[in-house]
Amino acid sequence: MKSSHYSGDPFWMSSKYSGKCQRCGKQIKKGEDIFYYPRHKSVYCDAEGCGKAEANAFEKAVQDEDFMNGGY
């Protein structure tokens, strides 16, 4: 079964602008992979402890929500 997806959910994308990772402060260059939260415009680099950790935590929260809402 496909998990729920909403318009404000975070997602992986290529950076359109230069910026800084919310967690580690690493400089992110245009075109690098980032994990992006559109609601609060937060970006995380693709490092294991930053974007990958955020993506894993979000996916676990989605699975929990689907389970609690009878999605399984």
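Residues numbered from 1 in each chain as written. Predicted model: local features only at pLDDT ≥ 70, side-chain atom pairs only at ≥ 80, totals over all residues. Heavy atoms only, no water.

A. Region of interest: the nonpolar core. One finds Met13, Cys21, Ile28, Ile34, Phe35, Tyr36, Tyr37, Val43, Tyr44, Cys45, Cys50 and Ala55 forming the largest nonpolar core, which totals 12 residues. The set of elements that each furnish at least two residues to this core consists of β4 (33-37) and β5 (42-45). Looking at which element gives the most residues to this core, the answer is β4, with four residues. When sequence neighbours within four positions are dropped, the list of residues in contact with Tyr37 reads Pro10, Ser42, Tyr44, Glu54 and Phe58. (Core = buried A, V, L, I, M, F, W, Y, C linked by side-chain atoms within 4.5 Å. Buried < 20%, exposed > 50% of the residue type's maximum accessible area, 1.4 Å probe, protein only. Helix = DSSP H or I, 4+ residues; strand = E, 2+ residues; numbered from the N terminus. Contact = heavy atoms within 4.5 Å.)

B. A look at unusual backbone geometry. Unusually for a residue other than glycine, Lys41 sits at a positive phi of about 55 degrees. Relative to the helices and strands, Lys41 resides in the loop between β4 and β5.

C. Examining the sheet that holds β5 more closely. As summarised here, the arrangement of the three strands in space is β1-β4-β5, forming an open sheet in which the pairing is antiparallel. Two strands lie at the open edges of the sheet, namely β1 (11-14) and β5, each paired on one side alone. The sheet shows a mean angle of 40 degrees between the axes of neighbouring strands, direction not considered. Across the sheet, helix α1 (residues 51-68) is in contact with β1, β4 and β5; its angle to β4 comes to roughly 45 degrees. (Pairing = 2+ DSSP bridges. Axes fitted to C-alpha atoms, helices over the stretch in contact; angles between N-to-C directions.)

D. Structural view of the pattern of salt bridges. Counting across every chain of the model gives two salt bridges. We note a salt bridge from Glu54 to Arg23, for which the minimum N-O separation is 2.5 Å. Taken as a pair, Glu54 in helix α1 and Arg23 in the loop between β2 (19-20) and β3 (27-28) lie far apart in primary sequence, 31 residues in all. Salt-bridge contacts for Glu32 lead to Lys26; the nearest nitrogen and oxygen are separated by 3.5 Å. Overall, the relative accessible area of 23% leaves Glu32 in the partly exposed class. (Salt bridge = Lys/Arg side-chain N within 4 Å of Asp/Glu carboxyl O.)

E. Spatial organisation of the packing of aromatic side chains. Counting across every chain of the model gives four aromatic pairs. Arranged with centres 5.8 Å apart and planes meeting at 80 degrees, the rings of Phe11 and Tyr36 form a pair that is edge-to-face. Residue Phe11 is found in strand β1, and its partner Tyr36 is found in strand β4; the two are separated by 25 residues along the sequence. Feature note: the residues Trp12, Phe35, Tyr37 and Tyr44 constitute an aromatic cluster, connected by ring pairs. (Phe/Tyr/Trp six-rings, centres within 6.5 Å; stacked < 30°, edge-to-face > 60°.)

F. Local environment of the environment of Ala55. For Ala55, the location among the structural elements is in helix α1. Each residue touching Ala55, except ones within four places of it in the same chain, is listed here: Trp12 and Phe35.

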